[in-house]
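Coordinate inspection notes
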Amino acid sequence: MDEQALLGLNPNADSDFRQRALAYFEQLKISPDAWQVCAEALAQRTYSDDHVKFFCFQVLEHQVKYKYSELTTVQQQLIRETLISWLQAQMLNPQPEKTFIRNKAAQVFALLFVTEYLTKWPKFFFDILSVVDLNPRGVDLYLRILMAIDSELVDRDVVHTSEEARRNTLIKDTMREQCIPNLVESWYQILQNYQFTNSEVTCQCLEVVGAYVSWIDLSLIANDRFINMLLGHMSIEVLREEACDCLFEVVNKGMDPVDKMKLVESLCQVLQSAGFFSIDQEEDVDFLARFSKLVNGMGQSLIVSWSKLIKNGDIKNAQEALQAIETKVALMLQLLIHEDDDISSNIIGFCYDYLHILKQLTVLSDQQKANVEAIMLAVMKKLTYDEEYNFENEGEDEAMFVEYRKQLKLLLDRLAQVSPELLLASVRRVFSSTLQNWQTTRFMEVEVAIRLLYMLAEALPVSHGAHFSGDVSKASALQDMMRTMAFLDHRGLRHSSAKVRSRTAYLFSRFVKSLNKQMNPFIEDILNRIQDLLELSPPENGHQSLLSSDDQLFIYETAGVLIVNSEYPAERKQALMRNLLTPLMEKFKILLEKLMLAQDEERQASLADCLNHAVGFASRTSKAFSNKQTVKQCGCSEVYLDCLQTFLPALSCPLQKDILRSGVRTFLHRMIICLEEEVLPFIPSASEHMLKDCEAKDLQEFIPLINQITAKFKIQVSPFLQQMFMPLLHAIFEVLLRPAEENDQSAALEKQMLRRSYFAFLQTVTGSGMSEVIANQGAENVERVLVTVIQGAVEYPDPIAQKTCFIILSKLVELWGGKDGPVGFADFVYKHIVPACFLAPLKQTFDLADAQTVLALSECAVTLKTIHLKRGPECVQYLQQEYLPSLQVAPEIIQEFCQALQQPDAKVFKNYLKVFFQRAKP
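Given the structure is predicted, the values throughout are model-derived calculations rather than measurements.

Turning our eyes to something else, we now look at the overall build of the protein. Check the secondary structure of the protein and you find 42 helices and 0 strands. Over its C-alpha atoms the protein spans a radius of gyration of 39 Å, topping by over 25% the 29 Å that the globule rule assigns to 922 residues. Dimensions of the protein along its principal axes, counting C-alpha atoms only, are 100 × 85 × 65 Å. Counting across all 922 residues of the protein, residues that qualify as buried make up 49%. In the protein, the share of contacts with a sequence separation of at least 24, taken over all contacts with a separation of at least 6, comes to 71%. Here the protein carries 91 positive and 118 negative side-chain charges, and the mean point of each set is 6 Å from the other.

Summed over all chains, the structure comprises 42 salt bridges. Between arginine 442 and glutamate 387 there is a salt bridge whose closest N-O contact spans 2.6 Å. You can see arginine 442 sitting in the loop between helix 21 (420–436) and helix 22 (443–459) and its partner glutamate 387 sitting in the loop between helix 19 (366–382) and helix 20 (396–418), a full 55 residues away along the chain. Assessed through its relative accessible area of 39%, arginine 442 is described here as partly exposed. We classify glutamate 387 as exposed; its relative accessible area is 52%. The partner of glutamate 445 in a salt bridge is arginine 442, with the nearest N and O atoms 3.2 Å apart. Note on glutamate 445: relative accessible area 34%, which makes it partly exposed. Each of Asp50, Lys53, Glu97 and Lys98 takes part in one network of salt bridges that share partners.

Taken as a whole and assessed by the stated rule, the structure comprises 44 aromatic pairs. Between phenylalanine 725 and phenylalanine 761, the aromatic rings sit 5.7 Å apart at their centres with planes inclined by 35°, giving tilted as the arrangement. Of the two residues, phenylalanine 725 sits in helix 33 (residues 718–736) while phenylalanine 761 sits in helix 34 (residues 745–767), which places them 36 residues apart along the sequence. This pair shows no difference in class: phenylalanine 725 is buried, exactly as phenylalanine 761 is. Geometrically, the ring pair formed by tyrosine 912 and phenylalanine 916 is tilted, given 6.0 Å between the ring centres and 40° between the ring planes. Taken as a pair, tyrosine 912 and phenylalanine 916 lie in helix 42 (residues 906–920) at a separation of 4 residues, close to a single helical turn.

Packing of helix 38 (residues 825–842) against helix 39 (residues 851–871) brings their axes to within 10 Å, and their N-to-C directions diverge by 150°. If you check the angle between helix 38 and helix 39, you find them roughly antiparallel. When the axes of helix 38 and helix 39 are compared, the crossing they make is left-handed. In this structure, helix 38 uses Ala826, Val829, Tyr830, Ile833, Val834, Cys837, Phe838 and Pro841 to contact helix 39, whose residues at the interface are Leu857, Cys860, Thr863, Leu864, Ile867 and Arg871.

What follows deals with the nonpolar core. General note: in soluble globular proteins, nonpolar side chains tend to be found buried as a group. Core analysis: the largest hydrophobic core is formed by 156 residues, its most contacted members being Met175, Trp187 and Phe291. Those residues within four positions of tryptophan 187 in sequence are excluded, and the remaining contacts are Tyr142, Leu146, Cys205, Val208, Val209, Tyr212, Ile216, Ile221 and Phe226. Counting residues in each nonpolar core, the second largest holds 153 residues, with Met585, Ala793, Cys805 and Val876 among its members.

Moving on, we get to unusual backbone geometry. Positive phi, close to 50°, is recorded for glutamine 656, a residue that is not glycine. Mapped onto the secondary structure, glutamine 656 falls in the loop between helix 29 (637–647) and helix 30 (657–674). On the basis of relative accessible area, glutamine 656 is assigned to the partly exposed category, the value being 24%. Here the phi dihedral of lysine 714 falls at roughly 40°; this positive angle occurs in a residue that is not glycine. Here lysine 714 shows up in the loop between helix 32 (696–713) and helix 33. Relative accessible area serves as the criterion here: at 38%, lysine 714 is assigned to the partly exposed category.

Take the side chain of glutamate 116 next. If you trace the backbone, glutamate 116 turns up in helix 6 (residues 99–116). At 2.7 Å, the side chain of glutamate 116 and the side chain of tyrosine 68 are in polar contact. What glutamate 116 contacts, discounting residues up to four positions off in sequence, is Tyr68, Gln76, Arg80 and Trp121.

One can find leucine 60 in helix 4 (residues 50–66). For the pair leucine 60 and aspartate 245, spaced 185 residues apart in sequence, the C-alpha to C-alpha distance is 34 Å. Contacts of leucine 60, omitting those with residues within four sequence positions, involve Trp35, Ala39, Leu42, Leu83 and Val108.

A few words on the side chain of glutamine 802. Its location among the elements puts glutamine 802 in helix 37 (residues 799–816). We classify glutamine 802 as buried; its relative accessible area is 5%. At 2.9 Å, the side chain of glutamine 802 and the backbone oxygen of alanine 793 are in polar contact. Discounting residues that sit within four places of it in the chain, glutamine 802 has contacts with Gly792, Ala793, Val794, Tyr796, Pro797, Ala840, Phe846 and Ala856.

The next subject is the packing of helix 33 against helix 34. Between helix 33 and helix 34, the least distance of the axes is 11 Å, while the angle of their chain directions is 160°. Here helix 34 runs roughly antiparallel to helix 33, going by the angle between their axes. Between helix 33 and helix 34 the crossing geometry is left-handed. Contacts from Leu721, Phe725, Leu728, Leu729, Ile732, Phe733, Val735 and Leu736 in helix 33 reach Lys751, Leu754, Arg755, Tyr758, Phe761 and Leu762 in helix 34. Taken together, the residues of the contact of helix 33 with helix 34 break down into 12 nonpolar, no polar and 2 charged.

With that settled, consider helix 32. With 18 residues, helix 32 should reach 26 Å at 1.5 Å per residue; the first-to-last C-alpha distance of 26 Å fits that figure. Turning to helix 32, its buried residues are Ala696, Asp698, Leu699, Phe702, Ile703, Leu705, Ile706, Asn707, Ile709, Thr710 and Phe713. The inward-facing, buried residues of helix 32 abut helix 30, helix 31 (683–690), helix 33 and helix 34. Lysine 714 lies just past helix 32 and shows a positive phi near 40°.

Right, let's talk about helix 34 for a bit. The end-to-end C-alpha distance of helix 34 is 32 Å, a good match for the 33 Å that 23 residues give at a rise of 1.5 Å each. Buried within helix 34 we find Ala747, Lys751, Leu754, Arg755, Ser757, Tyr758, Phe759, Phe761, Leu762, Thr764, Val765 and Thr766. Positive backbone phi, approximately 70°, marks glycine 769, located one or two places after helix 34.

A few words on a negative patch on the surface. There is a patch of like negative charges on the surface, built from Asp386, Glu388, Glu396 and Asp397. Locating aspartate 397 in the fold gives a position in helix 20.

Let's shift gears to the confidence of the model for the protein. Scored by pLDDT, the protein comes out at a mean of 89, with 94% of its residues at no less than 70. This stretch, residues 481–485, has a pLDDT under 50; its non-local contacts, to residues over four places away or in other chains, come to 13 contacts.

Before going further, it helps to spend a moment on the environment of leucine 580. Counting through the fold element by element, leucine 580 comes out in helix 27 (residues 570–597). A C-alpha to C-alpha distance of 8.0 Å links leucine 580 and alanine 559, two positions 21 residues apart in sequence. Every residue in contact with leucine 580, bar those within four places of it in the chain, is listed here: Leu534, Tyr556, Ala559, Gly560, Ile563 and Thr621.

Basis of the calculations
- Residues numbered from 1 in each chain as written.
- Predicted model: local features only at pLDDT ≥ 70, side-chain atom pairs only at ≥ 80, totals over all residues.
- Heavy atoms only, no water.
- Helix = DSSP H or I, 4+ residues; strand = E, 2+ residues; numbered from the N terminus.
- Rg over C-alpha atoms; globule rule 2.2 N^0.38 Å.
- Buried < 20%, exposed > 50% of the residue type's maximum accessible area, 1.4 Å probe, protein only.
- Contact = heavy atoms within 4.5 Å.
- Lys, Arg positive; Asp, Glu negative; His and termini not counted.
- Charge placed at Lys NZ, Arg CZ, Asp CG, Glu CD.
- Salt bridge = Lys/Arg side-chain N within 4 Å of Asp/Glu carboxyl O.
- Phe/Tyr/Trp six-rings, centres within 6.5 Å; stacked < 30°, edge-to-face > 60°.
- Axes fitted to C-alpha atoms, helices over the stretch in contact; angles between N-to-C directions.
- Parallel < 35°, antiparallel > 145°, perpendicular 65-115°, else oblique.
- Left-handed = near helix turned anticlockwise from the far one by under 90°.
- Core = buried A, V, L, I, M, F, W, Y, C linked by side-chain atoms within 4.5 Å.
- Polar contact = N/O pair within 3.5 Å; in protein donor to acceptor, adjacent residues only side chain to side chain.
- Nonpolar A, V, L, I, M, F, W, Y, C, P; charged D, E, K, R; others polar.
- Expected span 1.5 Å × (residues − 1).
- Patch = residues over 30% accessible without salt bridge, like charges linked within 9 Å, V, L, I, M, F, W, Y side chains within 5 Å.
- Areas by Shrake-Rupley, 256 points an atom, 1.4 Å probe, with all protein chains shown as cover.
- pLDDT = per-residue confidence, 0-100.

Structure below.
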């Protein structure tokens, strides 16, 4: 071996040596006979370095896993002998090998087993048992090999091919026939020999029994001698956790429902008589967590038996199963209420399934009702945060508690299905008693009372979320509880924790929106009390605002909702809205002047940020308006027009253009919706500023604004569109024609997105009945625009843009393709549009297996149909006599194509066109 390369296996070796070792490993993997060197090194114990031994096993592992079939019979025999020799050597070693080496060796044994057991090594287990006998080191390796084999055969986390799955099933069947009884006997002997002298080996053996019991004959384990031994282990401190897990696997084994019930009941009787049900006397929480899992398994197994018996109509045995379940409920409750959350969490499955049974019963006994109440009280108690919970720096323990709470929430939901009245009464009692003296009550108890109210609202069945209507008693209970909530003081928006303030801002906004009709008496009071929270915080004042700008958005929206939905007359609404927005406008003007004079780039950025927030806040207030409450009806048009006049000068600011333009553009989008035609006088100058010094991204974001105006106002904006059409196109073409590095992916993507936006703009113009905007640009410009659309349809491998281009072309043909269309357009149709409909789909990049491309082809079909519709027989004649023959299309195919085109059903032609191009492409 390359001794220098082997030095790199040491974790402390430098990177050069490590690289060399990796390269050497790769070299040995592909070498046909390197594995023999490793096999020899292992058999003869050539190396004492643990990392080299591990390395040798890795090379052998690769050989067995990937290249075993390439070996001769003699070479395969050599690998078997090497492993057995290594195993024999372990019996004599003064010190056992490191755990990681033993595990790797076990993996190699397991791989060889699944490869050879059915064919060349049927005596695999007998050979190994004859070597290890009851030697503790040998037994340790034997058990590790068994676990590795179970992992190969049964582990659901390992993905197997169907071939491997079939092989594994055959191996298990063969093992059941040939050797499982012998293996079980060996396990019994190991447990009996080492239970008092070697806890590590005994625990390993219990783990093996637990793993194999799922697929071997249960009677080999579920018998007096084995179960008595396992129960004995339950009383030995170092073994009982593993014994618990082993019993859990026994209980979990699928079997006949009556047999399962008998097994569980006999286990329970023995455990109870041995004192294991006395939970309060047990101090070992780790053991109790395992015991809780065992009880959960027993409970759920009984419930599965009950369900099967009910389904089979065996009422007598089903009644017995239910009785058996009921006798475990007291123990279940003890575990559920335990102060350790792991112990409690492990029993929740049983608890949930028990409630599911009760839900199916028509009448509950007094005891069952008492059980439901006990579960409810346990859930309420366990939902409470403990003293150690760290809210400011949540770690793993906190995350686990949050997950545990989610499990408890599922229990609460199930309780609501079993007994909604009891749940409502219980929560009301807890809530009322806690909140009456909340100032002197511990935070955790107040939080859980509020949490229960929240969970109650989600758990109770209601009509479309109408918690406050219908049942009077329910409504009054909920309203009693709601009345004590506070948002505006130190408990909410002015709380010492930023997290609480932030959450309150969002929840207060939700609260006001939900109950806006009931808010009228409190509007002015609320607006006064939140006044200081609405202040724009400029960077230089050094004052740390209570709320972040994101939180302030919610407060501005809340203020808007209160004003717009109030019962005040329009004049009062206008005055309140002006009071809300005037401070923003005044601050905006001052900050914009400061920005123009600012020299330092960091200061410029923070001022621009603040200006952007001001525009965002004003935008957010407009979200309160609706079709029923428009800006005009509320008398607020003038206020928002003043905002527009205040904000638009920011567009001409040469500094921090991106952020300022983005904010003002968003505001304009909102104003087009809210102010309608009143916004139109502002659009031309805003557009002029936004088209100056543009980048691809600016244009991409500006075009949707123009599309929105075009689609909304149509003919009203025709003069404006005609005026700005070519300036906008020049700006777009200028950016698209800028040279970029060949492999600059982001520049290429930006251009692609801009091209899409440009075609979307043309689609909006033509689709809004505004084709005269294009027609009036002069013949040269019109042709230039049309050529770009043809290019978009044919030259760029972007199916989304291609689809848009064909939509534009078919619309233009529909508008201009008749006898009275613009001069020269008919020629353009035959010279450019018809060829585009063939050249685009014939390109190699036009992938007919791609969904977007198929949509583009569909629009291409529409374009051809529209040409035929407008030009009639002339179009068919051109295709038959000139264009299709120029593509060397066979005469019978030309005939077929023209017949499909003339079909009245457009869908027939669309389907045909796809087949036509599939045949045409090599």
